[in-house]
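# Structural overview
Here are the chains, one letter per residue:
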Amino acid sequence: MSGILYLVATPIGNLEDMTFRAIRILKEVDLIAAEDTRNSVKLLNHFEIKTPMTSYHDNNRYDKARVLIEKLEEGQSVAVITDAGTPGISDPGEVLVEMCFEDGITVVPVPGAVAGVNALIASGQKTRRFAFEAFLPQEKKELMPVLEELARETRTMIIYEAPHRLVKTLELLAETLGEERSATICKELTKKHETFSRKTLGEWISFYKEEDNTPRGEYVLVIAGKSKEEVLAEKRAEWDDISVEDHIRMLMDQGLSKKDAVKKVAKERGLNKRDVYNIAIDL
């Protein structure tokens, strides 16, 4: 029998967020794979966890994953922990989980804190639909396609950022989404100086460029998606050079029935289907 891989969430700041189950699992497994053993040893010592620990981070995510898979196949149980929060979210844990599925090894999540979700629910932004982007790519060739996707995004967006890159990221987002886009900045989640504040991207840039507001700490940005009104305005703008009547005719000339042409015109222009049908009656 293979061992079990446990994905154990750890606190993102406040040690009181450690669950009873997480402590038990970390004490019972044969090995703990930690993103940064120097950081994690403080957590383990605090909860008197004596389980052996090994490093598993981005730079060794493939080679070490194979070593961990071998241990799991031998019947050992392994717990993965990240520096803070839930493993597998924006860290190398996803590589190991994928390998476990390929080898038929059981994976068990042990829930706990996730910075992005906690930021979202307290952000004052819409929460029903959201897109988790984590850290934006640093290389321009990787960054530009991501920004292009965000420019079209209608869901609330969640982005992580370090203090020394915060202003640059806000400027990029303002260029892409517009300075008037609403953004909540969540700082130092679950810690003593935790704050949630909502402004426009333009207002945030001005705020952090003031001398007394140099960014410090850990940040989660929760940004409003493109509004329905913006989407409809863009749809209509695409067809400014052609009338609704000519648009219907064009589609009918391409072989669509009047009914299907009406549906497509209404969808492409963001119009009410009945209004389009009334225009099409005499065609």
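Everything here concerns the structure above.
Now for a look at the structure at hand. All values reported here derive from a predicted model rather than from experimental measurement.

Another aspect to go through is the overall build of the protein. In terms of helices and strands, the protein carries 12 helices and 10 strands. Each of the three principal axes of the protein carries a C-alpha extent, and together these read 80 × 55 × 35 Å. Taking all contacts inside the protein whose residues are at least 6 apart in sequence as the whole, residues at least 24 apart take part in 69%. Of the roughly 16200 Å² of accessible surface on the protein, a fraction of 48% belongs to carbon and sulfur atoms. In the protein, 40 positive and 49 negative side-chain charges are present, and the distance between their average locations comes to 4 Å.

So, on to a negative patch on the surface. A contiguous patch of negative charge, built from Glu70, Glu73, Glu74, Glu94, Glu98, Glu102 and Asp103, is present on the exposed surface. The dominant element in the negative patch, judged by the number of residues it contributes, is helix 4 (residues 93-103), at four residues. As for its placement among the helices and strands, Glu94 is situated in helix 4. Given a relative accessible area of 52%, Glu94 falls into the exposed group.

Here we come to helix 7 (residues 166-177). Over its 12 residues, helix 7 extends 16 Å from the first C-alpha to the last, a length consistent with the 16 Å expected when each residue adds 1.5 Å. Within helix 7, the full set of buried residues consists of Leu166, Val167, Thr169, Leu170, Leu172, Leu173, Ala174 and Leu177. Of the residues flanking the end of helix 7, it is Gly178, one or two places downstream, whose phi is positive at about 105 degrees.

One non-glycine residue with positive phi stands out, namely Ala134, at about 55 degrees. Looking at the element boundaries, Ala134 is found in strand 6 (residues 130-135). Here the phi dihedral of Thr190 falls at roughly 70 degrees; this positive angle occurs in a residue that is not glycine. Following the sequence through the fold, Thr190 ends up in the loop between strand 8 (182-187) and strand 9 (195-200).

Interaxial distance between helix 3 (residues 63-73) and helix 4 falls to 10 Å at its minimum, and their mutual angle equals 40 degrees. Considering their axes alone, helix 3 and helix 4 lie oblique with respect to each other. Handedness of the helix 3/helix 4 crossing: right-handed. Of the residues in helix 4, those in contact with Ala65, Arg66, Leu68, Ile69, Leu72 and Glu73 of helix 3 are Leu96, Met99, Cys100 and Asp103. In terms of residue class, the contact of helix 3 with helix 4 is made up of seven nonpolar, no polar and three charged.

With that settled, consider a nonpolar patch on the surface. A contiguous nonpolar patch, built from Ile89, Val117, Ile121, Phe130 and Phe132 and spanning about 420 Å² of accessible area, is present on the exposed surface. Going through the elements one at a time, helix 5 (115-121) and strand 6 are the ones with two or more residues in the nonpolar patch. Here Phe130 lies in strand 6. Residue classification places Phe130 among the partly exposed positions, given a relative accessible area of 36%.

The full count for this structure, using the stated rule, is six aromatic pairs. Centre to centre, the rings of Phe207 and Tyr208 are 4.9 Å apart; their planes meet at 80 degrees, and the pair counts as edge-to-face. By relative accessible area, which is 9% here, Tyr208 ends up buried. Among the aromatic residues, ring-to-ring pairing joins Trp204, Phe207, Tyr208 and Tyr219 into one connected group. Here the basic side chain of Lys199 rests over the ring of Trp204, its NZ or CZ set 5.3 Å away from the ring centre. Positioned over the ring face of Phe207 is Lys199, at 5.3 Å from the centre of the ring.

Cut-offs and rules
Note on numbering: residues in each chain are counted from 1, in written sequence order. Local features in this predicted model are restricted to residues whose pLDDT is 70 or higher, and side-chain atom pairs enter the listing and the counts only when it is 80 or higher, whereas totals over whole chains, interfaces and linings include all residues. Calculated side-chain values reflect all of the structure's heavy atoms, with hydrogen atoms and water omitted. Strands here are runs of E lasting at least two residues and helices are runs of H or I lasting at least four, both read from the DSSP assignment and numbered beginning at the N terminus. The contact criterion used throughout is that any non-hydrogen atoms of two residues lie within 4.5 Å. Only the protein chains shown count as covering a residue, and every accessible area follows the Shrake-Rupley method with a 1.4 Å probe. Only four residue types enter the charge count: Lys and Arg as positive, Asp and Glu as negative, with His and the chain ends excluded. To locate a charge, the coordinates of NZ of Lys, CZ of Arg, CG of Asp or CD of Glu are taken. In this analysis, a patch consists of residues with relative accessible area above 30% that form no salt bridge, clustered at 9 Å for like charges and at 5 Å for the nonpolar side chains Val, Leu, Ile, Met, Phe, Trp and Tyr. Salt bridge, as used here: a side-chain nitrogen of Lys or Arg that lies within 4 Å of a carboxyl oxygen of Asp or Glu. Buried residues are those whose accessible area, probed at 1.4 Å on protein chains only, stays under 20% of the maximum for their type, while exposed residues exceed 50% and partly exposed ones sit between those limits. Helix span, as expected, comes to 1.5 Å for every residue beyond the first. Each axis is a line fitted through C-alpha atoms, and for a helix only the stretch in contact is used; angles between axes span 0 to 180 degrees, taken between their N-to-C directions. Under this scheme an angle from 65 to 115 degrees is roughly perpendicular, one under 35 degrees roughly parallel, and one over 145 degrees roughly antiparallel; angles in between are oblique. Left-handed describes a crossing whose near helix is turned anticlockwise from the far helix through less than a right angle; right-handed describes the clockwise counterpart. Each residue is assigned to one class: nonpolar for Ala, Val, Leu, Ile, Met, Phe, Trp, Tyr, Cys and Pro, charged for Asp, Glu, Lys and Arg, and polar for all the others, Gly among them. Pairs were defined over the aromatic rings of Phe, Tyr and Trp, the Trp ring being its six-membered one, requiring ring centres within 6.5 Å. Orientation was assigned from the angle between planes: stacked under 30 degrees, edge-to-face over 60, tilted for the rest. Consider the ring centre and the ring normal. A charge sits over the ring if Lys NZ or Arg CZ is within 6 Å of that centre and within 35 degrees of that normal.

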